[in-house]
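Structural description and commentary
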Amino acid sequence: MEPGPLLSGGASVAAVLPAGGSGERLGGATPKQFCAVLGRPLISYTVRALERINWISDIVVVVSLENIETMKSIIEKYCHKRITIVEGGLTRHRSIFNGLKIFLESKLSSCPLQKPEVVIIHDAVRPFVEEDILLKVVLAAKEHGAAGAVRPLVSTVVASSADGSLDHSLERARYRASEMPQAFIFDIIYEAYCQVTYKRDLYAAESVIKDKLSQQVCVTTDMKEDSVQLGFLLHETLKNQVNQVKSISVFLCKNDHSLQSILGQCYNFICINDKRSHFQEIQELVDILEHASISVLHPVVLISVHFNVSENMSFSSGMEELAGIKEFAREVKKKNILVYGLLIRYEKDDPKIQDTINSAAAIISTLIKDRNPELIGQVLAA
């Protein structure tokens, strides 16, 4: 396949092959990348598949220290070209980072490598990679910054609960299995590896993502006139705990187009209601979120807030109204939507109503920030 105008126009492409694994899962004495297939090491087939592609300028093979000489002998024996050997790290993550760094550090060597515009990362033990797949991921990475091969899920994927029992299975049609090869704009992937190198950094990155997802909240309301003031009070109190709070009325939620401006930016929705049953509104919002596919990458939080005047109804009765949320929450969790319930019980003309609203806002803020799937379907009280 011809590289096409996007590559022929001067974009440089290189490849990094992490091959530092010990072969522990294979169970043999020889790492699988060095196992012979028809008398030839497996890694040699993968290298050959890449070096046949003339628009890949350099191929960096990352191996463990004890296998550097083995890799050198393979390159010499099978006359591989455009190959640079780099010592790997203790983890695959570190090994890939070492492979990327060589493009910058080699400037001081006698044979410097050119920093590519796009870099391919591929498994050294996957030799059956075709040029058209490589070209597609490279062109996609050049346009979007990063790209990778995917395939449909064929196996059933299940999620377990805290006690190890089956919680739910994923809808396979909504997900894909990520495969190699992957391609990236070099500066983007290099900067990412510079910022996330250690395991504790991965936890920090997860925290950053959660924090970013928690910065915007959409509040929907559908209440009687005497409860509107309380909804407004909760809305204003939330502004002190969440970076950005947007408010829309529930009839707008039923219109797909009215949410387009915030879908994909907002991952938190609060439905405030004082009706005895308002699951219809919640279901409609879930349908809109599912149709927009915003919950595919990140979990969406949906909190059903119910105002209950204590003089009209007992506390236990108010809880019973929301009890049906548990089964509903289990179902929509499969769609990566986390549903929680919150009951706000108050008395008319209560001078301490602001304290109750403050407590409710704190609960909402915690649910949004923690995004804890173990709490879905729970009905909390403020």
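Our structure is the block above this text.
This section reports on the structure supplied with the text. This is a predicted model, so every value here is computed, not measured.

Okay, the nonpolar core next. Membership of the largest hydrophobic core comes to 45 residues, with the highest contact counts inside it found for Leu234, Ile270, Leu302, Ile303, Val305 and Ile364. Residues within four places of Leu234 in sequence aside, it is in contact with Ile272, Val305, Phe307, Ile344, Ile357, Ala360, Ala361 and Ile364. Formed by 33 residues, the second largest nonpolar core is a distinct cluster that contains Ala19, Ile53, Val138 and Ala147.

Looking at chain direction, strand 4 (residues 56–63) and strand 5 (residues 83–87) are connected through 5 bridges and run parallel. Looking across to strand 5, one finds that Val60 is bridged to Thr84. After leaving strand 4, the chain enters helix 3 (residues 68–77) and then returns to the sheet as strand 5, a path that is right-handed.

As a further point, take the side chain of Asp58. Inspection of the secondary structure assignment puts Asp58 in strand 4. Here Asp58 occupies a buried position and makes no salt bridge, while the nearest side chain of opposite charge, Arg82, is found at 6.3 Å. Excluding its chain neighbours within four sequence positions, the residues that come into contact with Asp58 are Val13, Ala14, Ala15, Arg82, Phe103, Leu113 and Gln114.

As summarised here, the arrangement of the 6 strands in space is 5-4-1-6-10-7, forming an open sheet in which the pairing is mixed. Each edge of the open sheet is held by one strand with a lone partner, namely strand 5 and strand 7 (146–152). Averaged over all pairs of adjacent strands, the angle between their axes in this sheet comes to 25 degrees, without regard to strand direction. When strand 1 (residues 13–18) meets strand 4, the two strands line up parallel, connected through 6 bridges. By the bridge assignment, Pro18 is partnered in strand 4 with Val62. Where helix 2 (residues 42–51) meets the sheet, its contacts fall on strand 1, strand 4 and strand 5, and the angle it forms with strand 4 comes to roughly 160 degrees. Against the sheet, helix 5 (residues 131–144) engages strand 1, strand 6 (118–121), strand 7 and strand 10 (176–185), with an angle of about 65 degrees to strand 10.

With that settled, the discussion passes to the pattern of salt bridges. All told, the structure shown has 8 salt bridges when counted by the stated rule. Residue Asp187 pairs with Lys115 through a salt bridge whose shortest N-O separation is 2.8 Å. Here the residue Asp187 occupies a position in helix 6 (residues 186–195), and Lys115 occupies one in the loop between helix 4 (92–105) and strand 6, the gap between them amounting to 72 residues. On the basis of relative accessible area, Asp187 is assigned to the partly exposed category, the value being 46%. Assessed through its relative accessible area of 35%, Lys115 is described here as partly exposed. One salt bridge in this structure joins Arg126 and Asp123, with 2.8 Å as the shortest N-O distance. The class for Asp123 is buried, based on a relative accessible area of 11%. Overlapping salt bridges, with partners in common, bring together Arg92, Asp123 and Arg126 in one network.

We now examine the environment of Ile83. Within the secondary structure, Ile83 is located in strand 5. For Ile83, a relative accessible area of 18% corresponds to the buried category.

Calculation rules
- Residues numbered from 1 in each chain as written.
- Predicted model: local features only at pLDDT ≥ 70, side-chain atom pairs only at ≥ 80, totals over all residues.
- Heavy atoms only, no water.
- Core = buried A, V, L, I, M, F, W, Y, C linked by side-chain atoms within 4.5 Å.
- Buried < 20%, exposed > 50% of the residue type's maximum accessible area, 1.4 Å probe, protein only.
- Contact = heavy atoms within 4.5 Å.
- Pairing = 2+ DSSP bridges.
- Helix = DSSP H or I, 4+ residues; strand = E, 2+ residues; numbered from the N terminus.
- Right-handed = clockwise from strand over helix to strand, strands pointing away.
- Lys, Arg positive; Asp, Glu negative; His and termini not counted.
- Salt bridge = Lys/Arg side-chain N within 4 Å of Asp/Glu carboxyl O.
- Axes fitted to C-alpha atoms, helices over the stretch in contact; angles between N-to-C directions.

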